[in-house]
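If you want the building blocks of each chain, they are given just below.
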Amino acid sequence: MDPTVERTPRRGVVLDAALRVAVWDDRGVLPYMSGWTIARSLQSLYYPRSWNALVPVRGLDLLVAIDCTSDLHGISVTLDAEPTDGRHHRSMRLRDRFVELDR
């Protein structure tokens, strides 16, 4: 692999949002934020005309995109999905849950 490829800056909303999530994690506030809060914050930042939406669809889409591109920036999004045994929630990646629900 060409070593200059790794130094080429990648740009875009998804990468920027992933870095923002990493900063929240570094500052220690991410564990206190729900996925809904993160999605609303990202949506209000990147899509300011939809800041007052009842459902932060664009912010949730950004979270899925962050998880789907985690190999580029190292940020993965996990959630506690509904239990399959009826008692214990299962931890899984958001991208896997998205595919599961999309069927």
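Residues numbered from 1 in each chain as written. Predicted model: local features only at pLDDT ≥ 70, side-chain atom pairs only at ≥ 80, totals over all residues. Heavy atoms only, no water.

**Q** Would you explain the pattern of salt bridges in this entry?
**A** Any two side chains of opposite charge can pair if their charged atoms end up close together. Taken as a whole and assessed by the stated rule, the structure comprises one salt bridge. Here aspartate 67 and arginine 93 are joined by a salt bridge, their closest N and O atoms 2.6 Å apart. Of this pair, aspartate 67 sits in helix 4 (residues 57-68) while arginine 93 is found in strand 2 (residues 90-93), placing the two residues 26 residues apart along the sequence. Both residues of the pair, aspartate 67 and arginine 93, belong to the buried class. (Salt bridge = Lys/Arg side-chain N within 4 Å of Asp/Glu carboxyl O. Helix = DSSP H or I, 4+ residues; strand = E, 2+ residues; numbered from the N terminus. Buried < 20%, exposed > 50% of the residue type's maximum accessible area, 1.4 Å probe, protein only.)

**Q** Explain the environment of leucine 63 to me, please; I cannot follow it from the model alone.
**A** Turning to its location among the elements, leucine 63 is positioned in helix 4. Taking the C-alpha atoms as reference, leucine 63 lies 8.6 Å from leucine 42; in sequence the two are 21 residues apart. If we skip the residues at most four places from it in the chain, leucine 63 touches Gly35, Ile38, Ala39, Leu42, Val77 and Leu94. (Contact = heavy atoms within 4.5 Å.)

**Q** Sorry, what's going on with the environment of valine 14 here?
**A** Note on placement: valine 14 falls in helix 2 (residues 13-26). Given the relative accessible area of 26%, valine 14 is considered partly exposed. Measuring from C-alpha to C-alpha, the distance between valine 14 and histidine 73 comes to 9.8 Å, with 59 residues separating the pair along the chain. Once residues within four sequence positions are removed from consideration, valine 14 is found in contact with Leu62, Ala65, Ile66 and Thr69.

**Q** I would appreciate a short explanation of helix 3 (residues 35-46) in the present structure.
**A** Two residues of an α-helix separated by three or four positions point the same way, owing to the 3.6 residues in each turn. The end-to-end C-alpha distance of helix 3 is 16 Å, a good match for the 16 Å that twelve residues give at a rise of 1.5 Å each. Of the residues making up helix 3, those classed as buried are Ile38, Ala39, Leu42, Gln43 and Tyr46. One side of helix 3 holds all its buried residues, which, seen down the axis, span an arc of 130°. Looking at the packing, one finds that the buried side of helix 3 touches helix 2 and helix 4. (Expected span 1.5 Å × (residues − 1). Arc of directions from axis to C-beta.)

**Q** In this structure, what is going on with the confidence of the model for the protein? I would like to understand it.
**A** Segments scoring low in pLDDT should not have their predicted coordinates read at a detailed level. For the protein, per-residue confidence averages 82 on the pLDDT scale, and residues scoring 70 or more make up 89% of the total. Residue range residues 1-5 is modelled with pLDDT below 50. Its contacts to residues more than four positions away, or to other chains, number one contact. (pLDDT = per-residue confidence, 0-100.)

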